[in-house]
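Below are the chains, spelled out letter by letter.
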Amino acid sequence: MKKLFALAAFLTVGIGAWAQNLTQYVDPYIGTGGHGHVFLGANVPYGLVQVGPTQYKRGWDWCSGYHYSDSVIIGFGQMHLSGTGIGDLGDIALLPTTDATQHDVMFSHKGEHARPGYYSVMLKSGVKVDLTATARVAFHRYSYPTDAQTAFIRLDLSQGIGWDKMTKSAFKQNSPTELSGYRYSTGWAKDQRVYFVAQFSRPVTMATSQGDSLAVLSTPNNDEPLLVKVGISPVSEDNARANIAAELPAWDFRGTVAKANEAWNKELSKIVITTDDDAARRTFYTAMYHSMFAPSVFNDVNGDYRGADGKVYRGDFKNYTTFSLWDTYRAAHPLMTIIHPEKQRDIAQTMLHIYEQQGKLPVWHLVGNETDCMVGNPGIPVLIDIALKGFDVDKNKVLEAAKASAMRDERGMSLLKKYGYLPCDLDPEYETVAKGLEYALADAGIAKLAKQLGRTEDYKYFLKRSQSYKDHYFDKNTGFMRGKTSDGKFREPFDPFNSVHRQDDYTEGNAWQYAWLVPHDVHGLVQCFGGDKPFVAKLDSLFILEGKMGADASPDISGLIGQYAHGNEPSHHIIYMYNYVGMPWKAAPKLRQVMNTLYTDGIDGLSGNEDVGQMSAWYILSSMGLYQVEPAGGKYIFGSPLFKKAVVNVGGGKTFTIEAKNNSAKNIYIQSAKLNGKMYTRSYIDYKDIMKGGTLEFVMGERPSAFGTKAADRP
C-alpha cells in the first residue's frame, strides 16, 4: 500500500511539473509603458485575433494601439501588433456605450485587469468589458449599468492604428443576431483585407448608421451581459462564419477564458524554471508570453488563406503572417526551433509559398503583404536554419528560394552584384553598411546549405559575397565598418558615434554598434582587428565609451551600456563574441547586467521595442545560459544562466535540463560543465545535442575560471 501511495505521489509530482499554473507569473502590463509597444488584450498563442483596447494616435509609443500613460479608449479592435516600431491593424472596432453619440470613453487602470487570454476594464460610463479569444474569433462580454435602459454598441470600420487607413468597407445585418462585412485598408500593409461576422447573444437593431463604415446598434438592457462573437478571415465572410462555428460554437464565456488559459499554460510549460527570484520569474514567463504572439496564424479553419499575390489558396499546412524577420532571425526563431519544433514545417512552407507568390522570401510580411521593412534578406537565415537543423523541408527548394531572393535587383542588390558591395554614393536609400552586412550574413547561410548539397559553384559565389565585410567595409585604420564610395574610398568625414536616422550608412545604429555585425564569421572578424588581443580591447571599449549620437539619432538606439545598445537588435549577439576568443568569463558580468537591469517586471520593463518577440527571446535564451550567434546552423553559445534549473520540453517526449549548481547573484561564472554526466569543456553546444534530450550541468562560482578558454573549446 505504501508503495502504491509513493508511486501515486511520484506521478502527481511528475505531472504537476508540467501542468502547473504558469500563467499566474505573467504580467501583460510589462512593456506597455516606455518604448515597449506591447499589445495588451486577449489572445491565444500565435492567434490571428488579438482583441484589445485601442486609444487615440498620440505618437510613436502608441504603435500597438495602447500605452499605459493614456486613459481614453476609442474602441476594442480585433487585431493588433505587438512591439513594432510602426502602427497598423486595429480592425473591426466595437465600443459598448450607454449613449448612442459617444465615440470614446475614459477608464482607470484601477478598473483594468489582464492575464493571458483575458482582459477586462470598467469604463467610466459604467460598462464593464470582458474579452477573450480563440485563434480566429474574438469573444466580447459587455455588462451595462442597471440604470441604463438601452445598451448601445458602436461599430467603426474606419478606425485603425498608426499608418492604417480604411479604403473600402461594408456591413449588413443578416438577422437580428448577426452582422457581417469587410474592411479593406492601406498602411504599413498596402492591401489588407479583413472579412468579419459578428454574432450577438440577443437581438440588436440598427439605431443609426453612417455610410458603409459606421453603425450604432442597440438592444434593451435586461441586466444580462451582452455577448458578441467576432470571427475574422482574410478570405471571406463565409469563412469568418465557419471559423466561429469551428472554434466557438457555444456561448460559454468562462469556458473560453479557461481554454485560453489552458492553451497558454501548455505553451509556457515548454520551459519550467526553478528560481527563488519572484521578479525574475515574472520577467521570464512574461517574456515567454510575449514571444508567442507571432508569427500569427493566417489561414481559416478550412485551410484557405490569402497569398502574397492577393490570390486565395488552400494549403496542407498552417499559413502564418507577422514575420518581423530583421528582428526575429536573431533569437526568436532559434528559440522556436527548440521549444516549438512542431511548427517549423508550417513556417518553412509558409515562407516557401510566399517565395512562389512574390518571387522572393519574406522580408517583413504583414497580413499577406510584403512591406520590405528593414534591410537585408532576413528570411534567408531563418529558412536555412530550419533546413540545416533537419526539419521536414525540401533543401533544394530552400536553396532555390534563397538564391532567387539574394540575386534580385532591388534594395541595393544590383549594386552588390556589380561591385561586390553597396557604394554609399550610388544608393539613394542610404544605410549601405547595414544592408551589406545583413546581405553578407544571409549569403553565408546560402553557402552553408549549398556546400551541404554539393553545389560547389553556388558555395564559392555566396561564400565570397559573405566575406564582403572584410573585403570592402572594414577599415583597418579605424577598426570600424564604413561606407565606401564607388571609387573605393571610405566616406568622409567619419564620426563613429554620430547617427542620423535613415540618412547615413547604418540602420538604427552607429559605427560602434555595427563594427560587430559579422555573426556568421566571428573568427574572420577577429583577424580583421589583428587577432584576439586587439579584438578584445576594442570589444571592451564598446561597453565603456560615451559619445554623442546627435539630435537626429533613431529613438530605437536605447538600452545603452557605453555604446552597446540592447534596445535594438544589431547588438544582441555582441556579448557572446567573448566566447569566440576564449574569454567567456568576460561575457558573464555583462550578460547579468543586461538581464538584471534592462529587463524588469515593471510597466517600463523593456529597454526598447519588444519587436514581435525578439527582445523577449533574447532574455529567455540568455537566462538559460544559451544564445545562437551564427544565424544558421545551430551552435548555441554558453553565457551565464540566471536560474537554478530550466527544464525544456524539446518535443517527442524528451526534455533537456539545464542545471546551474551554486548559482547566485555572485556566482555568475561557469567553473565546469557536464553533459549527461560526462565532463564537457566546450563553451557552446550543438542544436542536435539539445534536441536529443538530457542534462547539461553547470557548476557556478564567483571568480572567472579557465572554462572554455582553450582554442579547442571555443565556438
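All values derive from a computational prediction rather than experimental measurement.

Conventions used here
Residues numbered from 1 in each chain as written. Predicted model: local features only at pLDDT ≥ 70, side-chain atom pairs only at ≥ 80, totals over all residues. Heavy atoms only, no water. Pairing = 2+ DSSP bridges. Helix = DSSP H or I, 4+ residues; strand = E, 2+ residues; numbered from the N terminus. Axes fitted to C-alpha atoms, helices over the stretch in contact; angles between N-to-C directions. Contact = heavy atoms within 4.5 Å. 1 Å grid on protein atoms, 1.4 Å probe; cavity = no way out; pocket = protein on both sides within 12 Å on 5 of 7 lines; lining within 4 Å. Points joined across faces, edges and corners; volume = space filled by probe spheres on them. Nonpolar A, V, L, I, M, F, W, Y, C, P; charged D, E, K, R; others polar. Buried < 20%, exposed > 50% of the residue type's maximum accessible area, 1.4 Å probe, protein only. Polar contact = N/O pair within 3.5 Å; in protein donor to acceptor, adjacent residues only side chain to side chain. Phe/Tyr/Trp six-rings, centres within 6.5 Å; stacked < 30°, edge-to-face > 60°. Lys NZ or Arg CZ within 6 Å of the ring centre and 35° of its normal. Core = buried A, V, L, I, M, F, W, Y, C linked by side-chain atoms within 4.5 Å. Domains from an automatic or database assignment. Disulfide = S-S within 2.5 Å. pLDDT = per-residue confidence, 0-100. Salt bridge = Lys/Arg side-chain N within 4 Å of Asp/Glu carboxyl O.

## Observations regarding the sheet that holds strand 29 (residues 635-638)
Taken in spatial order, the 3 strands line up as 28-29-34 in an open sheet, and their pairing is antiparallel. This sheet does not close on itself; its edge strands, each paired only once, are strand 28 (626-628) and strand 34 (684-686). The average undirected angle you get between the axes of adjacent strands in this sheet is 30°. Inspection of the sheet shows strand 29 paired to strand 34 by 3 bridges, in the antiparallel sense. Paired with Ile 637 across the bridge in strand 34 is Tyr 684.

## As for the sheet that holds strand 8 (residues 137-143)
With antiparallel pairing, 9 strands are arranged side by side in an open sheet as 2-5-6-7-8-15-12-11-10. Looking at which strands have only one partner, the edges of the open sheet turn out to be strand 2 (72-73) and strand 10 (165-175). Where strand 2 and strand 5 (residues 105-115) come together, 2 bridges link them in antiparallel fashion. Across the sheet, Val 72 pairs through a bridge with Met 106, a residue of strand 5. Against the sheet, helix 2 (residues 237-247) contacts strand 8, strand 10, strand 11 (178-186), strand 12 (192-200) and strand 15 (226-233), and its axis sits at roughly 50° relative to strand 12. Contacts from helix 3 (residues 253-268) reach strand 5, strand 6 (118-123), strand 7 (128-133) and strand 8, with the element oriented near 50° to strand 7.

## What about the environment of Gly 436?
Position of Gly 436 among the secondary structure elements: in helix 11 (residues 432-452). The residues contacting Gly 436, other than those within four sequence positions of it, are Leu 422, Ser 468 and Tyr 473.

## Regarding the layout of surface pockets
Volume-wise, the largest pocket comes out at about 950 Å³. Surrounding the largest pocket, 50 residues form its lining, Ile 86, Trp 163, Cys 373, Met 374 and Arg 502 being those nearest its centre. Mapped by element, the contributors of at least two residues to the lining of the largest pocket are helix 5 (325-328) and helix 11. Looking at side-chain class alone, the lining of the largest pocket contains 17 nonpolar, 19 polar and 14 charged residues. Volume-wise, the second largest pocket comes out at about 320 Å³. Lining the second largest pocket are 20 residues; nearest its centre among them are Thr 275, Asp 277, Ala 280, Asn 596 and Leu 642. Counting only elements with at least two residues in the lining of the second largest pocket, the list comes to helix 4 (278-290) and helix 17 (584-597). By residue class, the composition of the lining of the second largest pocket is 9 nonpolar, 6 polar and 5 charged.

## Re the side chain of Thr 507
With respect to the secondary-structure elements, Thr 507 resides in the loop between strand 25 (480-481) and helix 14 (511-514). Assessed through its relative accessible area of 2%, Thr 507 is described here as buried. Of the polar contacts made by the side chain of Thr 507, one reaches the side chain of Glu 431; its length is 3.3 Å. Each residue touching Thr 507, except ones within four places of it in the same chain, is listed here: Trp 326, Met 374, Val 375, Glu 431, Ala 434 and Tyr 514.

## Details of the packing of aromatic side chains
The full count for this structure, using the stated rule, is 37 aromatic pairs. Summarising the aromatic geometry, the rings of Tyr 182 and Tyr 184 are spaced 4.8 Å apart at their centres and angled 35° between planes, so their arrangement reads as tilted. Take Tyr 182: its relative accessible area is 16%, and that puts it in the buried class. Tyr 184 gets classed as buried once you look at its relative accessible area, which sits at 15%. Between Phe 497 and Trp 512 the ring centres are 6.2 Å apart and the planes differ by 45°, which places this aromatic pair in the tilted class. With a gap of 15 residues between them, Phe 497 in the loop between strand 25 and helix 14 and Trp 512 in helix 14 connect regions that are remote in the sequence. A single burial state applies to Phe 497 and to Trp 512, both of which are buried. Three or more aromatic residues link up through ring pairs in this structure, and these residues are Tyr 576, Tyr 599, Trp 618, Tyr 619 and Tyr 627. Lying over the aromatic face of Tyr 25, Arg 281 brings its terminal NZ or CZ to 5.3 Å of the ring centre. One cation-aromatic arrangement involves Arg 330 over Trp 326; the distance from NZ or CZ to the ring centre is 4.7 Å.

## Considerations on the nonpolar core
Counting residues in hydrophobic clusters, the biggest one holds 200 residues, and the most contacted among them are Ile 271, Ile 338, Trp 516, Phe 535 and Tyr 619. The element that contributes the greatest number of residues to this core is helix 11, accounting for 10 residues. For Phe 535, the residues in contact, after removing those within four places along its chain, are Trp 516, Leu 525, Val 526, Phe 529, Met 577 and Val 581.

## Here's the deal with the domain arrangement of the protein chain
Many structure descriptions define interface size as the accessible area lost when the parts assemble. Looking at the assigned domains, one finds that the protein chain contains domain 1 (22-269), domain 2 (309-407), domain 3 (409-473) and domain 4 (495-714). Put simply, the middle of domain 1 and the middle of domain 3, counted by C-alpha atoms, are 44 Å apart.

## Observations concerning the state of the cysteines
All told, the structure shown has 0 disulfides when counted by the stated rule. There is no disulfide at Cys 373, and the cysteine sulfur nearest it, in Cys 63, is 11 Å away. In this structure Cys 424 is not part of a disulfide, and its nearest cysteine sulfur, from Cys 528, lies 19 Å away.

## Describing empty space enclosed by the protein
If you walk through the whole model with that rule in mind, you get 10 cavities of 30 Å³ or more. If you go around the largest cavity, you meet 15 residues; those closest to its centre are Gln 50, His 80, Leu 81, Ser 296 and Thr 322. Classifying every residue of the lining of the largest cavity gives 9 nonpolar, 6 polar and no charged. Looking at which domains feed residues into the lining of the largest cavity, each of domain 1 (22-269) and domain 2 (309-407) supplies at least three.

## Examining the confidence of the model for the protein chain
A residue-level look at the protein chain finds 97% of positions with pLDDT of 70 or above and a mean pLDDT of 96. Note on residues 1-18: pLDDT is under 50 here. Beyond four places in sequence and across chains, it has 8 contacts.

## Points about the pattern of salt bridges
In the structure shown here, the tally under the stated rule is 46 salt bridges. Across the pair Asp 409 and Lys 417 runs a salt bridge whose closest N-O atoms are separated by 2.7 Å. Owing to a relative accessible area of 56%, Asp 409 belongs among the exposed residues under this scheme. When the shortest N-O distance is used, the salt bridge between Arg 455 and Asp 458 registers 3.5 Å. On the accessibility criterion, Arg 455 (32% relative accessible area) is partly exposed. You can call Asp 458 buried: its relative accessible area is 14%.

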